[in-house]
Amino acid sequence: PIKANLFLLASLLTAIGFVVIGILKSIITRSELLRGILETLALGMAAASVAYLVGDWLEWLIKR
C-alpha cells in the first residue's frame, strides 16, 4: 500500500536527518562520532514515538 511506503520513506528520511544532526553535534562538541549519532537518533526516535502515540490517543479520544 502507498501509505505504508510513504511512512517508511518519511521514517528513513527522518532517521537520516537525525544522523546528520548527530554528526554535527559530535563535531561541535568534539565528542565520539558514533556516540553523538546514537544519542541523537535515540532521542529523535523517542520523541517521534511519543508524538505518534499522543496523536493516536487524541484521534481515539475525538472519535469516541
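Below you will find a few notes about this structure. On a predicted model such as this, the values are computed, not experimentally measured, just so you know.

## Overview of the overall build of the protein
- Broken down by element type, the protein carries 2 helices and 0 strands.
- The C-alpha atoms of the protein give 15 Å as radius of gyration, which overshoots the globular expectation for 64 residues (11 Å, by more than 25%).
- With the C-alpha coordinates of the protein rotated into their principal frame, the extents come out at 50 × 25 × 15 Å.
- Expressed as a percentage of its 64 residues, the buried residues of the protein come to 11%.
- Side chains of the protein give 6 positive and 4 negative charges; the mean places of these two sets differ by 4 Å.

## Notes on unusual backbone geometry
- Even without being a glycine, Arg-30 presents a positive backbone phi close to 55°.
- Within the secondary structure layout, Arg-30 lies in the loop between α1 (2–29) and α2 (33–63).

## A look at a nonpolar patch on the surface
- On the surface, Ile-2, Leu-6, Leu-9, Leu-12, Leu-13, Ile-16, Val-20, Ile-23, Leu-24, Ile-27, Ile-28 and Leu-33 cluster together to form a nonpolar patch covering roughly 1,200 Å² of accessible area.
- The exposure class of Leu-33 is partly exposed, given its relative accessible area of 45%.

Thresholds, definitions, all that
Residues numbered from 1 in each chain as written. Predicted model: local features only at pLDDT ≥ 70, side-chain atom pairs only at ≥ 80, totals over all residues. Heavy atoms only, no water. Helix = DSSP H or I, 4+ residues; strand = E, 2+ residues; numbered from the N terminus. Rg over C-alpha atoms; globule rule 2.2 N^0.38 Å. Buried < 20%, exposed > 50% of the residue type's maximum accessible area, 1.4 Å probe, protein only. Lys, Arg positive; Asp, Glu negative; His and termini not counted. Charge placed at Lys NZ, Arg CZ, Asp CG, Glu CD. Patch = residues over 30% accessible without salt bridge, like charges linked within 9 Å, V, L, I, M, F, W, Y side chains within 5 Å. Areas by Shrake-Rupley, 256 points an atom, 1.4 Å probe, with all protein chains shown as cover. Salt bridge = Lys/Arg side-chain N within 4 Å of Asp/Glu carboxyl O.

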